[in-house]
Amino acid sequence: MANPMRSKASSIASHIVLGFWSLLVLFPLWTMLINSFKMRLDIYKDPFGLPLKWNFNSYAVVFKDSNFLRYFQNSFFVTIGSILIILFFGSLAAYALANARGKWVKWVYFFFIAGMMLPIKIGSIRLLGMVKSLGLLNSLGSLFPIYSAMGLPIAILILTDFIRTIPIEITEAAIIDGATRLRIFFTIIIRLMRPALGTVAIFNLVPLWNDLWFPLIFINKEENKTLILGVTRLFGQYQTDWSKILAALTLSAVPVIILYLVMSKQFIKGLTAGAVKG
Amino acid sequence: MTSSQRRSSAIQKTRGFSTIRKEVFPWIGYILPALLIYSVFMAYPLISSIGMSLFSANGVDGSTFVGFDNYIKLFSQGEHAVRYWGALGNTFYFFLIHMVIQNILGLLFALLLSSPYQKGSSVYRTIIFIPATLAVLVTGYLWKLILNPQWGAVNMLLKNLGLDAVAFAWLGEPEIALTVISLVSSWQWVGMPTMIFLAGLQTIPEDLFEAARIDGANGKQLLWNIKLPLLLPIVGIVSVLTFVNNFNAFDVVFAMENVNGAPMYSTDLLGTLFYRVGIAGQHPVGIPDRGMGAAIATITFFILILGVQLIQRFTRSREAR
């Protein structure tokens, strides 16, 4: 086995490398958080230290004179709603693709999977026209169908694969008892699929929550803006007042960071899904 | 027989399906909703953009067939060509920096994190991945403040160290702005390849290392002869992901500069050019040219298909497992 002296030396070296990068990651986040609690001019005097006087006013102002809660609510509604659509229709389709027979299954499967490689942004001009003619411009309703379409390919990839690994014996008994396919799906398959559904949910959660592109091109109405789109407005509005900008940035980042810290394993697994397996 | 084959044949026996209609019909209700959403809101817009690129559609509703005029303009005529080639070149440069940083740092971090002697590995892992969970817009804004020439933390630090000479206007100089933005974006995404490589390393069977060690292989040989060759297909996956994301990048330039790719178009990417031409409308006209925008999107579409094929060809392992 490796010689202990050398492995100790290399372990110190790797602590230095990993520690340095960790500092590089944490430093911007630290400056964001800490300066959001400072008085406006204190930031320029000492951008790194703890505040001399803790100032919570920036947060109060961000909440008071913007629709911050409204943005937050909109993002929450759109993200969760789209994920539910993706999970429900994705798992139904995956159930069929895993069980049906015939050449057509392969074709349909590949048709879905092809969407993973091709970003939907490329079709934005056409989508904009469609959204306009559906009368959905400026409304949150424009985002659901597009986000759902974006999430379906990965959902079908992961869920079809997963259903194929469910041992036949589990459903066989139910088939013999005369249960219908739909019944088997709702009583047995969905329950077994929970971990895979979690992976799909997380895979979609972060990009949808953080999306700027589609809200930017579809939504101009203040009360229907999503959180990230709202942040662009606040950034312009508070241009010279960094503590307020930083408060807004912190507020928009904190929900995801907290969720990530609570379940980092699932996040890492979910967000790298599709790349890791296969 | 795999379990899915067994399951299908079991269903076949119980139900006695034989004709194609019987194969397809019972499943239509399951597949249709997903297929509809996906076809209408993803496949159709992607494909019909190609058709749109053959029309001149810059008026309110007028659109005339112009053949490949939009492409000819983009590639060879005046202002259009200058902007297009500029954005294409910038996008490649942006991609190149990501490739170098993500593959090298990702691999390095993954190898360090996977070492059995490494203490605190899970803490490092959690920290390295944090930026990948943040919105690109938020990291872009944050770094824009940090890199601010007068008040930003970076230049303040440099000035305190007496390095005034290198306290640049990081985002204001055309020669360096794109590099700085590429580095910020790489900073954000490096956790992705790290975790993908790490997962790849963990799938290498332990007996492979055991056998090599028994044969007297040292750490270096293990790395070069076992780990790296087995990770080559993963380099491919990381490259494909980076490629697809980079050729669509928009948010980071939007946040750190503006949709014009300031300063002097030096950070203009295909994503920002597409936005200006096809969606927002350019100065001085202010009306989007949908045909031209669709042409930009169509070329990107083919670049992506071609690029993904090429990357996969170069990085696929000799023997597909």
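Residues numbered from 1 in each chain as written. Chains lettered and ligands numbered in written order. Predicted model: local features only at pLDDT ≥ 70, side-chain atom pairs only at ≥ 80, totals over all residues. Heavy atoms only, no water.

### A short note on the overall build of chain A
Assigned secondary structure in chain A consists of 14 helices and zero strands. Beginning at the N terminus, the succession of helices and strands in chain A can be written as α-α-α-α-α-α-α-α-α-α-α-α-α-α. Computed over its C-alpha atoms, the radius of gyration of chain A comes to 24 Å, more than 25% above the 19 Å expected for a compact globule of 278 residues. The dimensions of chain A, computed from C-alpha atoms along their principal axes, are 75 × 70 × 35 Å. Here chain A holds 278 residues, and the buried ones make up 57% of them. Put simply, of all contacts in chain A between residues at least 6 apart along the chain, 74% involve residues at least 24 apart. When the accessible surface of chain A is summed, it comes to about 12,500 Å², and 68% of that surface belongs to carbon and sulfur atoms. Across chain A, the centroid of the 26 positively charged side chains sits 5 Å from that of the 11 negatively charged ones. (Helix = DSSP H or I, 4+ residues; strand = E, 2+ residues; numbered from the N terminus. Rg over C-alpha atoms; globule rule 2.2 N^0.38 Å. Buried < 20%, exposed > 50% of the residue type's maximum accessible area, 1.4 Å probe, protein only. Contact = heavy atoms within 4.5 Å. Areas by Shrake-Rupley, 256 points an atom, 1.4 Å probe, with all protein chains shown as cover. Lys, Arg positive; Asp, Glu negative; His and termini not counted. Charge placed at Lys NZ, Arg CZ, Asp CG, Glu CD.)

### Let's talk about the overall build of chain B
When you go through chain B residue by residue, the secondary structure sums to 15 helices and two strands. Out of the 321 residues in chain B, the part that is buried amounts to 52%. Across chain B, every contact between residues at least 6 apart in sequence was considered, and the portion connecting residues at least 24 apart equals 64%. Surface exposure of chain B reaches about 15,200 Å², of which carbon and sulfur atoms provide 65%.

### A short note on the interface of chain A and chain B
In this assembly, 99 residues from chain A lie in contact with 97 residues from chain B. Per-residue buried area on chain A facing chain B is highest for Trp21(A), Ile125(A) and Arg181(A); these three make up 9% of the total on that side. Applying the counting criterion to the chain A and chain B interface returns zero salt bridges. Put simply, chain A and chain B have twelve residue pairs in polar contact (both at pLDDT 80 or more) between them. The element best represented in the side of chain A that touches chain B is helix H1 (residues 4-35) of chain A, accounting for 17 residues. (Buried area = accessible area lost by both parts, 1.4 Å probe. Salt bridge = Lys/Arg side-chain N within 4 Å of Asp/Glu carboxyl O. Polar contact = N/O pair within 3.5 Å; in protein donor to acceptor, adjacent residues only side chain to side chain.)

### Looking at the environment of Tyr275(B)
For Tyr275(B), the position within the fold is in helix H14 (residues 270-280). Counting along the chain gives 24 residues from Tyr275(B) to Ile299(B), while the straight-line C-alpha distance between them is 15 Å.

### What about the domain arrangement of chain B?
Residues and elements named next belong to chain B. Considered domain by domain, chain B is made up of domain 1 (3-52) and domain 2 (69-320). Computed from C-alpha atoms alone, the centre-to-centre distance between domain 1 and domain 2 is 36 Å. Taken together, the contacts link four residues of domain 1 with six residues of domain 2. Ranking the residues of domain 1 by area buried against domain 2 places Ser 49, Ile 50 and Met 52 at the top, with a combined share of 84%. At the boundary of domain 1 and domain 2, one finds zero salt bridges. Connecting domain 1 to domain 2 are zero residue pairs in polar contact (both at pLDDT 80 or more). Looking at the side of domain 1 that touches domain 2 residue by residue, the classes come out as three nonpolar, one polar and no charged. (Domains from an automatic or database assignment. Nonpolar A, V, L, I, M, F, W, Y, C, P; charged D, E, K, R; others polar.)

### Concerning helix H5 (residues 103-114) of chain A
All names here are of chain A. With twelve residues, H5 should reach 16 Å at 1.5 Å per residue; the first-to-last C-alpha distance of 17 Å fits that figure. Among the residues of H5, those classed as buried are Trp 104, Val 105, Val 108, Tyr 109, Phe 112 and Ile 113. Angularly, the buried residues of H5 cover 165 degrees about the axis, an arc narrow enough to put them on a single face. Opposite the packed face of H5, turned more than 90 degrees from it, sit the exposed residues Lys 103, Lys 106 and Trp 107. (Expected span 1.5 Å × (residues − 1). Arc of directions from axis to C-beta.)

### Things to note about the nonpolar core
Generally speaking, nonpolar side chains in soluble globular proteins are found buried as a group. Ranked by internal contacts, the top residues of the largest apolar core, which has 198 residues, are Phe214(A), Phe218(A), Leu249(A), Tyr84(B) and Leu147(B). Inspection of this core shows a minimum of three residues originating in each of domain 1 (3-52) and domain 2 (69-320) of chain B. With near-sequence residues (within four places) excluded, Phe218(A) lies in contact with Leu127(A), Leu128(A), Val131(A), Leu137(A), Asn138(A), Ser142(A), Leu143(A) and Ile146(A). (Core = buried A, V, L, I, M, F, W, Y, C linked by side-chain atoms within 4.5 Å.)

### What to know about the packing of aromatic side chains
Two numbers describe a pair of aromatic rings. These are the distance of the centres and the angle of the planes. Evaluated as defined, the whole model comprises 42 aromatic pairs over all chains. Ring geometry for Phe63(A) and Phe68(A): centres 5.7 Å apart, planes at 80 degrees, overall edge-to-face. Given the relative accessible area of 36%, Phe63(A) is considered partly exposed. Residue class for Phe68(A) comes out buried when judged on its relative accessible area of 3%. Within the aromatic cluster, the residues linked to one another by ring pairs are Phe88(A), Phe89(A), Tyr95(A), Phe185(A), Phe186(A), Trp27(B) and Tyr30(B). The side chain of Arg164(A) reaches across the aromatic face of Tyr109(A), ending 5.6 Å from its centre. Sitting over the face of the ring of Phe209(B), Lys227(B) holds its NZ or CZ atom 5.6 Å from the ring centroid. (Phe/Tyr/Trp six-rings, centres within 6.5 Å; stacked < 30°, edge-to-face > 60°. Lys NZ or Arg CZ within 6 Å of the ring centre and 35° of its normal.)

### Details of the environment of Val25(A)
As for its position among the elements, Val25(A) is in helix H1. Classification of Val25(A) by relative accessible area gives buried; the value is 0%.

### Concerning unusual backbone geometry
All names here are of chain B. Residue Pro 263 is bonded to the preceding Ala 262 through a cis peptide linkage, with omega at -15 degrees. Inspection of the secondary structure puts Pro 263 in the loop between helix H13 (251-256) and H14. For Met 264, which is not glycine, the phi torsion reads 50 degrees and is therefore positive. Tracing the sequence through the fold places Met 264 in the loop between H13 and H14. Met 264 gets classed as exposed once you look at its relative accessible area, which sits at 70%. In this model, Tyr 265 sits at a positive phi of 60 degrees, which is unusual for a non-glycine residue. Examined against the element boundaries, Tyr 265 turns out to sit in the loop between H13 and H14.

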